[in-house]
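Overview (structure and organization)
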Amino acid sequence: MTPVARIDDLLARPRPLLLDGATGTELSRRGVDTSLPLWSARALLDDAGTAVLCDIHADYAAAGADVLVTNTFRTTLRALGRAGVGDRWEELNRRAVEAARAGARSARGPCLVAGGLAPLEDCYRPDLVPSPEACRDEHRRQADLLVTLGVDLLILETMNCGREAEAATTAARETGVDLLISFCPAPPDRLLSGEPIREAIPGVIEAAGPRLRGLLLNCAPPETLEAILPEFASISPGLPHGVYAHLGEPDDRIGWRLPDRHDPERYAAWIEKRLDEGIRIVGGCCGTSPDHVAALARLIARRNPPARA
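Notes on the structure follow. The structure displayed is predicted, hence computed values, not measured ones.

A few points about the sheet that holds strand β3 (residues 112-117)
Across the sheet, eight strands lie side by side as β1-β12-β9-β8-β5-β4-β3-β2; this open sheet has parallel pairing. Only two strands of the sheet have a single partner each, and these edge strands are β1 (17-18) and β2 (67-69). Bridge analysis of strand β8 (residues 212-218) against strand β9 (residues 241-244) gives four bridges, and the strand direction is parallel. The residue bridging Leu215 from the neighbouring strand is His241, located in β9. Each of β5 (178-183), β8 and β9 is contacted by helix α9 (residues 222-235), which is oriented at about 150° to β8, the strand it contacts most.

Overview of the packing of aromatic side chains
Here the structure, examined in full by the defined rule, presents three aromatic pairs. With a centroid separation of 5.8 Å and an interplanar angle of 80°, the aromatic rings of Trp39 and Phe73 are classed as edge-to-face. Here Trp39 is found in the loop between α2 (24-29) and α3 (47-63), whereas its partner Phe73 is found in the loop between β2 and α4 (77-82), with 34 residues between them in sequence. For the residue pair Trp39 and Phe73, the accessibility class agrees, reading buried in each case.

Here's the deal with the packing of helix α5 (residues 89-105) against helix α6 (residues 132-148)
Where α5 meets α6, the closest approach of the two axes is 10 Å, and the angle between their N-to-C directions is 50°. The angle between α5 and α6 falls in the class oblique. Two packed elements cross with a definite hand, and for α5 against α6 that hand is right-handed. Counted together, Trp89, Glu90, Asn93 and Val97 of α5 and Arg141, Gln142, Leu145 and Leu146 of α6 form the full contact between these two elements. Taken together, the residues of the contact of α5 with α6 sort by class into four nonpolar, two polar and two charged.

A look at the pairing of strand β4 (residues 153-159)
Across the seven residues of β4, seven count as buried, placing the element largely inside the fold. Sheet topology note: the β3/β4 ladder contains four bridges and is parallel. Counterpart to Leu117 in the pairing with β4 is Leu156. Across five bridges, the pairing between β4 and β5 is parallel.

Quick word on the nonpolar core
Core analysis: the largest hydrophobic core is formed by 99 residues, its most contacted members being Leu19, Leu154, Phe183 and Ile271. Other than its neighbours up to four places away in sequence, Phe183 contacts Met159, Ala165, Leu191, Ile201, Val204, Leu215, Leu216, Leu217, Asn218 and Phe232. Core analysis: the second largest hydrophobic core is formed by five residues, Leu120, Cys135, Cys161 and Ala167 among them.

What about the pattern of salt bridges?
The full count for this structure, using the stated rule, is 30 salt bridges. Arg30 is the partner of Asp59 in a salt bridge, and the nearest nitrogen-oxygen pair spans 2.9 Å. Residue Asp59 is found in helix α3, and its partner Arg30 is found in the loop between α2 and α3; the two are separated by 29 residues along the sequence. What emerges from the salt-bridge pattern is a single network uniting Arg6, Asp8, Asp178, Arg211 and Arg213.

Brief notes about the environment of Arg74
Secondary-structure assignment places Arg74 in the loop between β2 and α4. When the C-alpha atoms of Arg74 and Ala41 are compared, they prove to be 5.6 Å apart, with 33 residues separating the residues in sequence. Here Arg74 is in contact with Pro37, Leu38, Trp39, Ala41, Ala79, Leu80, Ala118, Pro119, Glu121, Asp122 and Cys123, once residues within four sequence places are set aside. Here Glu121 takes part through its backbone oxygen, which lies 3.5 Å from a polar atom of the side chain of Arg74.

Quick notes on the rules
- Residues numbered from 1 in each chain as written.
- Predicted model: local features only at pLDDT ≥ 70, side-chain atom pairs only at ≥ 80, totals over all residues.
- Heavy atoms only, no water.
- Pairing = 2+ DSSP bridges.
- Helix = DSSP H or I, 4+ residues; strand = E, 2+ residues; numbered from the N terminus.
- Contact = heavy atoms within 4.5 Å.
- Axes fitted to C-alpha atoms, helices over the stretch in contact; angles between N-to-C directions.
- Phe/Tyr/Trp six-rings, centres within 6.5 Å; stacked < 30°, edge-to-face > 60°.
- Buried < 20%, exposed > 50% of the residue type's maximum accessible area, 1.4 Å probe, protein only.
- Parallel < 35°, antiparallel > 145°, perpendicular 65-115°, else oblique.
- Left-handed = near helix turned anticlockwise from the far one by under 90°.
- Nonpolar A, V, L, I, M, F, W, Y, C, P; charged D, E, K, R; others polar.
- Core = buried A, V, L, I, M, F, W, Y, C linked by side-chain atoms within 4.5 Å.
- Salt bridge = Lys/Arg side-chain N within 4 Å of Asp/Glu carboxyl O.
- Polar contact = N/O pair within 3.5 Å; in protein donor to acceptor, adjacent residues only side chain to side chain.

Pasting the structure below:
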């Protein structure tokens, strides 16, 4: 049985915290339909797709991930309603949490399940962000459901503007569980919305309160994250910071186009330079795979050998 842990326990270790890698692009790579608007959530509609999802979570756990993120990037009532399956909201979210929990149980060591909260509209279209009231209400409903279904913490991912990030964080904080918050940036020092990170992020940190456990950047190419990380990390130096980059590019039909080449060792070498710069949380975004997470696990083991008896 996997030992019980909290994120504080994992962050207290000398080694970095290892998140999993992509879910949507890995589903596509394994032959599951990820066409829009549901993208990765389409796997939850039937037992066959959910079985592949369970395998993916188990593979990330076997690769060494400390945290598995639920496949809930597109399982809000808004997203499911747009696809005509809003009546299955609770069922599909339950499937997502149970699949991640099964993967966590198969891990060799402590492995947490993080409920994923994403932008209500397109993560690359900050111009589509709903009103603050809609953001608070819809994120609160989604966060409450994920916590009721038994996630260990919540991770707010790919937040592209301060307004939605603050609203989602306020809603997530009210559940009482620990939080990780990850932003989608644009060079040289902004969120995708164009807001300077130094202006947008302090309000999100304040909204999170004492449950905030780390700040991250995700869903941008490695070179974008590399350029913005020093400025980002300087905003709140007392918190753990992290990155998980994407490989490939968006696709209007299937959601994501995989890269022709995706070298796990090359990605790990890039992450190692970020570890040298002080980040404490690493993982992979769109286009990465269990092979990338395994390469990161080997990197972490090499840099943090077990103490001699």
